[in-house]
Structure formats: structure tokens, C-alpha cells
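Chain by chain, the residues:
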Amino acid sequence: MKTLKSMRLHIGIFGKTNAGKSSFLNKITNQEVSIVSEVEGTTTDVVEKSMELLPIGPVNFLDTAGINDKTKLASERIEKTKKILNRTDVGVIICDYKGIDKYEIELIENFKELDIPYIVVINKTDIQGVGDNVLNHIREYTENIILTSTKTDNELVFKFKKALLKILPEDYVNSPLIVGDLVKEKSVVIMVVPIDKEAPKGRIILPQVQTLRDLLDNNCLTLVVKDTELEKALNTLKEPPALVITDSQAFKKVSEIVPQNIPLTSFSILFARLKGDLNAFIQGAKAIDNLQDGDKVLILESCTHHAIDDDIGRVKIPNLLKKKTGKNLIIENISGHDFPDISGYKLIIHCGACMTNRKEVLSRIILSNKAGVPITNYGIAISYCLGILDRAVSKLINH
Ligand code: SF4
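For every chain, the first residue of the written sequence is number 1, and numbering continues from 1 along that sequence. Restriction of local features to residues with pLDDT of at least 70 applies here, the model being predicted, together with a cutoff of 80 or more for giving and counting side-chain atom pairs; totals for whole chains, interfaces and linings are based on all residues.

## Comments concerning the overall build of the chain
Helix numbers and strand numbers start at the N terminus; a helix is a DSSP run of H or I with at least 4 residues, a strand a run of E with at least 2. Looking only at helices and strands, the chain features 15 helices and 14 strands. Radius of gyration means the value over C-alpha atoms here, while the globule rule gives 2.2 Å times the residue count to the 0.38 power. Here the C-alpha radius of gyration of the chain, 24 Å, is about what a compact globule of 399 residues would show, namely 21 Å. Our exposure labels follow a C-beta count within 10 Å of each residue's own C-beta, placed from the backbone: buried means 20 or more other C-beta atoms, exposed means 12 or fewer, and partly exposed covers the counts in between. Split into buried and exposed, the 399 residues of the chain put 41% on the buried side.

## Some details on the domain arrangement of the chain
Domain extents, as shown, originate in an automatic or database domain assignment. Each domain of the chain was delimited in the assignment, giving domain 1 (5-173), domain 2 (188-270) and domain 3 (277-385). By definition, residues are in contact whenever their C-beta atoms, placed on the basis of the backbone, come within 7 Å of each other. Opposite the ten residues of domain 1 that make contact, domain 3 presents 13 residues. For this classification, Asp, Glu, Lys and Arg are treated as charged, while Ala, Val, Leu, Ile, Met, Phe, Trp, Tyr, Cys and Pro are nonpolar and the rest, including Gly, are polar. Its residues assigned to classes, the side of domain 1 that touches domain 3 comprises one nonpolar, four polar and five charged.

## Notes on the packing of helix H12 (residues 312-325) against helix H14 (residues 378-385)
With axes taken as lines fitted to C-alpha atoms, and helix axes fitted only over the stretch in contact, angles between N-to-C directions fall between 0 and 180 degrees. Orientation of H12 relative to H14, taken along the N-to-C sense of each, is 35°, at an axis distance of 9 Å. Every pair of crossing elements has a handedness; the one defined by H12 and H14 is left-handed. Residues Ile312, Ile317, Leu320, Leu321 and Lys324 of H12 touch H14, and the partners they reach there are Tyr378, Ala381, Ile382 and Cys385. When grouped by side-chain class, the residues that make up the contact of H12 with H14 number eight nonpolar, no polar and one charged. Rotating anticlockwise by less than a right angle from the far helix to the near helix defines a left-handed crossing, while the corresponding clockwise rotation defines a right-handed one.

## Quick word on the site of the ligand
Only the C-beta atom matters for nearness: placed from the backbone, it must lie within 6 Å of the molecule or strand for the residue to count as near. Taken together, ten residues lie around the ligand, and Glu301, Cys303, Cys351, Cys354 and Met355 are the ones closest in. Of the residues contributing to the shell around the ligand, the split by class is five nonpolar, four polar and one charged.

## Some points on the sheet that holds strand E4 (residues 90-96)
One requirement defines pairing of two strands: DSSP has to find at least two bridges between them. If you trace the six strands from one edge of the open sheet to the other, you get E2-E3-E1-E4-E5-E6, paired in mixed fashion. With one partner strand each, in any of the chains shown, strand E2 (47-53) and strand E6 (145-147) form the two edges of the open sheet. Mean inter-strand twist for the sheet, computed between neighbouring axes without regard to direction, equals 25°. Bridging between strand E1 (residues 9-15) and E4 involves five bridges; their strand directions are parallel.

## Observations concerning the confidence of the model for the chain
Per-residue confidence for the chain gives a mean pLDDT of 88; residues scoring 70 or more make up 91%. pLDDT: the predictor's confidence for each residue, scored from 0 to 100. Across the chain, the secondary-structure element scoring lowest on mean pLDDT is helix H2 (residues 74-84), at 72, and the one scoring highest is strand E7 (residues 188-192), at 98. For residues 34-42, every residue scores under 50 in pLDDT, and the model assigns this stretch 20 contacts once sequence neighbours within four places are set aside.

## Considering the sheet that holds strand E8 (residues 221-225)
Within the open sheet, the four strands sit side by side as E8-E7-E9-E10. Their pairing is parallel. Of all strands in the sheet, those with a lone pairing partner are E8 and strand E10 (264-266), marking the two edges. Here the strands of the sheet are splayed against their neighbours by 25° on average, with no regard to which way each runs. Bridging between strand E9 (residues 243-246) and E10 involves three bridges; their strand directions are parallel. Its bridge partner lying in E10, valine 244 is registered against leucine 264.

## As for unusual backbone geometry
With a phi angle near 65°, asparagine 18 is a residue other than glycine that sits in the positive phi range. Following the sequence through the fold, asparagine 18 ends up in the loop between E1 and helix H1 (21-29).

## Remarks on the pairing of E1
Taking burial as the measure, the seven residues of E1 include seven buried ones, the bulk of the element. Because side chains alternate across E1, one face comprises the buried residues Leu9, Ile11, Ile13 and Gly15, and the other comprises His10, Gly12 and Phe14, equally buried. Here five bridges tie E1 to strand E3 (residues 57-63), and the two strands are oriented parallel to one another. Across the sheet, isoleucine 13 pairs through a bridge with aspartate 63, a residue of E3.

Structure below.
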């Protein structure tokens, strides 16, 4: 139960109001997670529930508001429901014995666009049997169908797990490692963690903790130092380390200290691979060279952290871009799960996404590609601006 939400399989529950989404989720989780009511549109917002769904593993259910909501706050609720698509690893559409129509078909189109595998659950079969015409219509979209009544079906959990196992994303079955596959067991790795104004008091940030844990899981010998002690650490070792991983903000200084024969990367680049698409981000960074005076660049962050004076997204990256391009750029910052209107931007630079799941970043890459806007991430953009991208990604590309 202590698995981070960002590492869980996100299962979105979609469907019309009163199709039985909440009672489906309650049956699966065996708890009153959502309010179940016969009044249309009770679930006013997205209800999240994390659980261990054995043998699948840690999951996070997203119980959405009805997609065809006709009630007062309809448009706001539909918007919220659609935004959940970007975080959805697996979609579950709940309908009743009448089957699916334009609402569910629109959802399926959205699933296809974002490459989301899905299941259709036909509920309320205790009220009326399901006709062949209904089944055949759904089969035009998927064979992964569950017939059930959440009121009477004691096999529902079993049926759901079976259907889920058929479509589990490859990433979830074989979770990518942060760094463990890049270095041999027992290798020495140095993590450079600058303690500056951005470092939270009394602790180190999540990507660094996760990287350290991954190295420990892979039986590596890890040395954690500040940038100011890096040179001494390197001189203390009898043999060069297999890898040096630095915070992106100290990239320039660290790259000057670490000899060229020692592989070097950053936490942000490791997370670009773990939480996104490394190649897409590398390609995206090349758009920095094409930026012109007056072009708009979007700095997109997955969470609303408290920005400090020389914040990476608000100060450091804008300064680097200005220095690299010599142009007067319009740089805007947006934080949170919502994917904004990106028309008009010439480049998106995404944060390391430590607080969100991989699917959200992949969805953002898909939507950016569709809109023709290049997208890269913090670590890749910083190392590109500093002229050290090739070195920073070579260990990841050539391993
Ligand atoms: S999700 Fe993004 S903005 Fe939030 S802490 Fe992680 S890297 Fe920073």
C-alpha cells in the first residue's frame, strides 16, 4: 500500500451517468469508495482509490463523472472526465444491457488516439438480458467484454482481473528500471545532489530517492555527494565509477569535473526514459535551434510545487534558452494535470514528471505530436543548451 501513486497502474472507469460505475468500483474494491445513488450524476468529481489487485499489483482507480451528464455542472464535469484520459493506463467503459452509443464510441476514439487499452463492462444484466445485436455492436470495437450485474455477480472480481490481464500494458508487466539496467551489479555509482535553495529542508527529492533505491535493488555501491565534494569523491575511488548521475542544475559544473571517459547523465534524463520517450525528447530539443524572436515556449510541469526565487522552470531554463538562442522568447509556465491548449507554442519543455505516471507524459507527447509542437524535457533541454546532450544520453542509448 506504500507504492507511490505515480508507479501504480491507473485504471479509468468511464461511462454514462448511472451506468453503475461507482457500484462496479465498490464491488471490485469491496468498499464504499464512491457514493452509489439512483440519482443521475452523483459522482461530481473524480474519485481515486488505490489498492493492491492481486496478482496484477498496485493499481489506482479513477472513478469519473458521467460522460453524458445532463445536470447543472455538466460541462465542467465532462471536461474533468476527459482530462482523466491522459492519466489512464487502462480504460473500463461501463454500459448497461442497451449497449454502447455515440458517448461510448467517442470515448473509444479517445482511447485509440492515446493508445489506451480498454474493456467494456455490460452491467445490469439482472434487469434484462443482452441481445446479440448489442454484443455484436460492441465486438466491432473490442472482444474484451464482461457481462455482469454489479448487484448479483459474485464472479465479477475474477472476470475483471481476467479481462485486465489480457490488456495490461507491456510497461506495467515489465516495469522499466530507472538505472539498474545501465550498470553492472556491484558497480560504483556517484549521485551528485546539490544542496541549494531548491533542495527541500531535511530531505532529498523524490527522483533522487527513487534512483538510490533502484541502485540498491541492483546491488550497486552508491556514493551520494554534493557537487562541492565530487572532485574529492572521484579522487578517493581506486577505480573510476561506472556512472555519475547529477542533478540537472549542476550539469555544467559536474561535466567539467567528471573526466570524459566516465559516463555522465542526470536524474532528469533517467526520468525522461522512465516516464516518457527519450528519443522523442531528444528530437524535441533540436527545435531549440529554430526558435525566433517572439516565439512562445511552454514550460509544462506535472505538479504545482512551490516555486522559489531561482526556480528551474521559471528562471534557470528561461535563462539558458535565452543564452543558447540569443532570441527574445515568450516563456509561459503551466503546472498540474491539465493539458492546455498548445496551439501557438513552438516548443514544450516538460518537467521530470516524478509525481505523475508514465501514461500522462506519453499522452502529452502524443497530443503534442498531433499538434505539431516539439516536446522535450528539463534534463534533455538543459544538456542540449549546455552542449553536452550527446555525452549525457550516450550511456542510455548505447547500453
Ligand atoms: S512532477 Fe515535475 S514539477 Fe512536480 S516535483 Fe516532479 S519534476 Fe518537479
